[in-house]
Protein chains: 2
Amino acid sequence: MSTQTADHTDIRATNLAAVLGHLRRQAPCSRAAIASGTGLNKATVTSIVGDLLDRRLVRETQQTQNHVGRPATLLVLDGSAYATIGLEISARGLTALGCDTAGEQILRWHRAGPGVDAGPAKTIAALAALARRAISTVQSSGRRVLGITVGVPGLVNREGSVVLAAGLGWRDVPLRAELAAALGRPDIPVTADNDASLGVLAEHLYGPLAGAANLVQLTGDTGVGAGIIVDGRPLQGNLGYVGEIGHLRLIPDGPLCGCGRRGCLEALASLPAILTRVDGTIDDDPQHQLDTLIRRADAADAAVTDALAEAGMHLGHGIAAIVNLLNPEAVILGGAYALLADHLTPAIDKALREATIAPDAGGCTIVASAFPSTATPLGATAQALTPLTQGRLPAG
Amino acid sequence: MSTQTADHTDIRATNLAAVLGHLRRQAPCSRAAIASGTGLNKATVTSIVGDLLDRRLVRETQQTQNHVGRPATLLVLDGSAYATIGLEISARGLTALGCDTAGEQILRWHRAGPGVDAGPAKTIAALAALARRAISTVQSSGRRVLGITVGVPGLVNREGSVVLAAGLGWRDVPLRAELAAALGRPDIPVTADNDASLGVLAEHLYGPLAGAANLVQLTGDTGVGAGIIVDGRPLQGNLGYVGEIGHLRLIPDGPLCGCGRRGCLEALASLPAILTRVDGTIDDDPQHQLDTLIRRADAADAAVTDALAEAGMHLGHGIAAIVNLLNPEAVILGGAYALLADHLTPAIDKALREATIAPDAGGCTIVASAFPSTATPLGATAQALTPLTQGRLPAG
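These notes cover the structure that comes with them. Predicted model, so just to flag it, every value in this text is computed and none were measured.

**A look at the sheet that holds strand E5 (residues 93-100) of chain A**
Residues and elements named next belong to chain A. The five strands lie next to each other as E6-E5-E4-E7-E11, forming an open sheet whose pairing is mixed. Of all strands in the sheet, those bounded by a partner on one side alone are strand E6 (105-111) and strand E11 (190-194). In this sheet, neighbouring strand axes are inclined to one another by 15° on average, regardless of whether the strands run parallel or antiparallel. Both E5 and E6 contribute to a ladder of six bridges, which runs antiparallel. Bridge pairing in E6 links Gly98 to Leu107. Strands in contact with helix H13 (residues 375-384) are strand E4 (82-90), E5, E6, strand E7 (144-152) and E11; relative to E4, the strand with the most contacts, it is inclined by about 140°.

**Overview of the pattern of salt bridges**
With the rule as written, the count across this model stands at 24 salt bridges over all chains. In this structure, the salt-bridge partner of B:Arg185 is B:Asp187, at a minimum N-O distance of 2.8 Å. In this structure, B:Glu310 and B:Arg277 form a salt bridge, with 2.3 Å as the shortest nitrogen-oxygen distance. A residue pair is termed long-range when its members are at least 10 positions apart, and B:Glu310 in helix H10 (residues 302-326) and B:Arg277 in helix H8 (residues 271-279) qualify at 33 residues. Judged by relative accessible area, B:Glu310 falls into the partly exposed class, the value being 33%. Through salt bridges with shared partners, a single ionic network connects A:Asp279, A:Arg296 and A:Asp301.

**Digging into a negative patch on the surface**
A contiguous patch of negative charge, built from A:Asp283, A:Asp284, A:Asp285 and A:Asp291, is present on the exposed surface. Structurally, the position occupied by A:Asp283 is in the loop between helix H8 (271-279) and helix H9 (286-298).

**What about the packing of aromatic side chains?**
All told, the structure shown has zero aromatic pairs over all chains when counted by the stated rule. In this structure, A:Arg133 packs its charged tip against the face of A:Trp109, placed 4.2 Å from the ring centre.

**Looking at helix H2 (residues 31-38) of chain B**
Residues and elements named next belong to chain B. Residues of H2 that are buried include every one of Ile34, Ala35 and Thr38, and no others. End-on view of H2: buried residues confined to an arc of 100°, all on one side of the axis. One or two steps after H2, the chain reaches Gly39, where phi turns positive at roughly 80°.

**A closer look at the interface of chain B and chain A**
With 62 residues of chain B at the contact, the number on the chain A side is 62 residues. Interface of chain B and chain A: buried area, both sides summed, is about 5000 Å²; carbon and sulfur atoms make up 60% of it. Linking chain B with chain A are two salt bridges, by the criterion used here. Linking A:Asp231 and B:Arg233 is a salt bridge whose minimum nitrogen-to-oxygen distance equals 3.5 Å. Between chain B and chain A we count 20 residue pairs in polar contact (both at pLDDT 80 or more) in total. Only helix H1 (8-26), strand E9 (162-165), strand E13 (225-230), H10 and helix H12 (341-355) of chain B provide two or more residues apiece to the side of chain B that touches chain A. Grouping the constituent residues of the side of chain B that touches chain A by class yields 30 nonpolar, 21 polar and eleven charged.

**Re the nonpolar core**
Of all hydrophobic cores here, the largest spans 94 residues; its most connected members are A:Leu218, A:Ile245, B:Leu218 and B:Ile245. In this view, A:Ile245 contacts A:Leu218, A:Val224, A:Gly225, A:Ala226, A:Leu265, A:Gly318, A:Ala321, A:Ile322 and B:Leu325; residues no more than four positions away in its chain are not counted.

**Comments concerning the relation of the copies chain B and chain A**
Each copy of the sequence occupies a distinct position, and chain B is placed on chain A by a rotation of 180° and an axial shift of 0.1 Å, giving an RMSD of 0.1 Å. Such values leave the two copies arranged in the relation of a two-fold axis. Residue by residue, 100% of the interface of chain B is reproduced at the interface of chain A, so both copies engage with the same surface.

**Regarding H12(B)**
Its 15 residues place the ends of H12(B) 20 Å apart at the C-alpha level, agreeing with the 21 Å of an ideal helix rising 1.5 Å per residue. Inspection of H12(B) places B:Ala341, B:Leu344, B:Thr345, B:Ala347, B:Ile348, B:Ala351, B:Leu352 and B:Ala355 among the buried residues, and these make up the whole buried set.

**Focus on the sheet that holds strand E10 (residues 170-173) of chain B**
As summarised here, the arrangement of the three strands in space is E8-E9-E10 (chain B), forming an open sheet in which the pairing is antiparallel. The sheet terminates laterally at strand E8 (155-156) and E10 of chain B, the two strands that pair on one side only.

**Considering the environment of B:Arg56**
Residues and elements named next belong to chain B. Tracing the backbone shows Arg56 in the loop between helix H3 (42-54) and strand E2 (58-65). We classify Arg56 as partly exposed; its relative accessible area is 42%. Through-space distance from the C-alpha of Arg56 to that of Asp78 is 6.0 Å; in sequence the pair is 22 residues apart. If near-sequence neighbours (up to four positions away) are discounted, Arg56 is found in contact with Asp78, Ser80 and Ala81. Polar side-chain contacts of Arg56 include one of 3.2 Å to the side chain of Ser80.

**Looking at unusual backbone geometry**
All names here are of chain A. Cis geometry is adopted by the peptide bond preceding Pro28, which originates at Ala27 and carries an omega value of 0°. Counting through the fold element by element, Pro28 comes out in the loop between helix H1 (8-26) and strand E1 (29-30). Its identity as a non-glycine residue notwithstanding, Asp253 has a phi of 60°, on the positive side. Assignment of secondary structure puts Asp253 in the loop between strand E14 (233-234) and helix H7 (265-269). Residue classification places Asp253 among the exposed positions, given a relative accessible area of 72%.

The rules behind these values
- Residues numbered from 1 in each chain as written.
- Chains lettered and ligands numbered in written order.
- Predicted model: local features only at pLDDT ≥ 70, side-chain atom pairs only at ≥ 80, totals over all residues.
- Heavy atoms only, no water.
- Pairing = 2+ DSSP bridges.
- Helix = DSSP H or I, 4+ residues; strand = E, 2+ residues; numbered from the N terminus.
- Axes fitted to C-alpha atoms, helices over the stretch in contact; angles between N-to-C directions.
- Contact = heavy atoms within 4.5 Å.
- Salt bridge = Lys/Arg side-chain N within 4 Å of Asp/Glu carboxyl O.
- Buried < 20%, exposed > 50% of the residue type's maximum accessible area, 1.4 Å probe, protein only.
- Patch = residues over 30% accessible without salt bridge, like charges linked within 9 Å, V, L, I, M, F, W, Y side chains within 5 Å.
- Areas by Shrake-Rupley, 256 points an atom, 1.4 Å probe, with all protein chains shown as cover.
- Lys, Arg positive; Asp, Glu negative; His and termini not counted.
- Charge placed at Lys NZ, Arg CZ, Asp CG, Glu CD.
- Phe/Tyr/Trp six-rings, centres within 6.5 Å; stacked < 30°, edge-to-face > 60°.
- Lys NZ or Arg CZ within 6 Å of the ring centre and 35° of its normal.
- Arc of directions from axis to C-beta.
- Buried area = accessible area lost by both parts, 1.4 Å probe.
- Polar contact = N/O pair within 3.5 Å; in protein donor to acceptor, adjacent residues only side chain to side chain.
- Nonpolar A, V, L, I, M, F, W, Y, C, P; charged D, E, K, R; others polar.
- Core = buried A, V, L, I, M, F, W, Y, C linked by side-chain atoms within 4.5 Å.
- Least-squares fit on C-alpha atoms with pLDDT ≥ 70 in both.
- Expected span 1.5 Å × (residues − 1).

Here is the structure:
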């Protein structure tokens, strides 16, 4: 029932997006291979490739391919002219990742803190400082920054404001606007999004399950959230408040959650909940505390493996709700869950199979993320590149 | 990241679909209005309208419109040549609905039984008899049947087989294949789908919220299921097993569900669960039992209103899980829930607001369906029309 029609500007953008997408998945490839792979005619491909060569978004390699007739020059994505920057705010600290338009990482930095108690103003100031340094580094590599996207564990509205991030103690923080103001670079678009939504975008583009049409990524480092790909596209919902599986009530009158309710999945199976259960508290250095947890789990420390099995059972019930509703191909355990996957997965699988109505959990598999610490900022670099991947060339 | 490109056949189909869609929403309208509404140029619109006139999918009215220059002939959809048939199997009986390509209902029949105990073979035989009669009626109106779709309360795979319909007691029933074989009309395509998925399609196309990009319809007449529209399109998932909110576990160790688990939403708040709670049993005539329930509720019979308030609370928690994950614009109460909406909605709203993490339930409203008894077969007629709405003309 789409009203989308095909006028000439749209067709040019659609086709440019198709050529770039084909190159991203298949390069190196010839113009003829792009034409046959996209269904476009050769004249159109040649014209589009010409534009992309002019903008240094594509380059010719020295390689040629020789099937029949004269040898064909092979093309690859060119990352020498442009890059995007992805940022992440989490309870474990701040991360910046720079990625050029060929998908190569230019920089990847993590800094601890400023800590949940610091409040949004200090955190945004620290994030802006990190972003400014990232912009400088990208620029000194000769590339222009096409955009910056920041991921945050909470509800983010369409204006990029954080409506609620219980795990950070944030409420109604105009993150996008304040970060943009602190950067003072009106030439660089800034956007903000939910961390899990960006994380699943990284999986969808770059992970072992890249291209799967229905994919979920679950993270629990701060709160518990799900990033969701439906029918090949990121789920957005009416106002952007999607994937909030963390507040599914699993146990009426269960333990108190940061949201004020009781028995939420987040209160039972987030990383902070697991650490609190095992150690009685959250340390000043949650990264070290996580490392210790993993070591104890790997050493079969019963207090830890029991806690993880119980968390896994709760996660399995939460995942079952997602699977019963959305029937994804896979649920990817992201962040710390990926590092703990060997210990969580048996209990998750058991609860999932018990609680899913479709046979064999509807074909859904549970897998560990290939990007346990960088899925969100990596997805953020891709999100910041959206105008280009939709076929709109950077302003000259 | 779509790989869809625009070759000439695709463009023709896309544009034909856009012209038909514009006419469906806006008719009567002129060729010029279609051009400006779809963004297509006038020559393209004239050519497509010519094809549609030839096939009697569109007709010119006697009306004209006179802005500037010569009067423009107005066009409307023409339903005189083709129709589709939608069928529904439910615990309350069998329904057939015929709809022409202009959206006019040609027939609408309901028959009670053959009852849940009859088993799939008898039910499919009765459905085929009903469908044969519907085909005759459509044909004697001078129209060709373009397709038949049947909705069933259960998991339906991509081949149209019912993997599980707990409320009917069906498991692994090749519904589509057996209905097609019983009809013996290879010229008429038959498909099968989940009842709630078809119901939400009717709401999305014809209801007061038509066109809403993110919409859910909840029914509980047999089991409890959700039909889901995401980003303007029906949610399909990996294997088609979507919307199964009925088996969300709300109360660990709660009442036994037909699926063998305990404390499922379906065991607490489906129509059969409500009737059983109020009357102690399900009658032979569930339609009469429902009518009695509604009368008693309207008369403020405390046993009934208490049962409905409790069911509403459980439904609110189930809906909250959907809202937290998908952030729809509205959740539509379908089937018997629509008839009971006045009694269910206050408790649903209260639980929903308490259990949703986004403020104001993420902007989601709870509304009663405008099609309490026909959403599924109406959606089924639309589903059967999919090739045409996607721009593929019927074979000549």
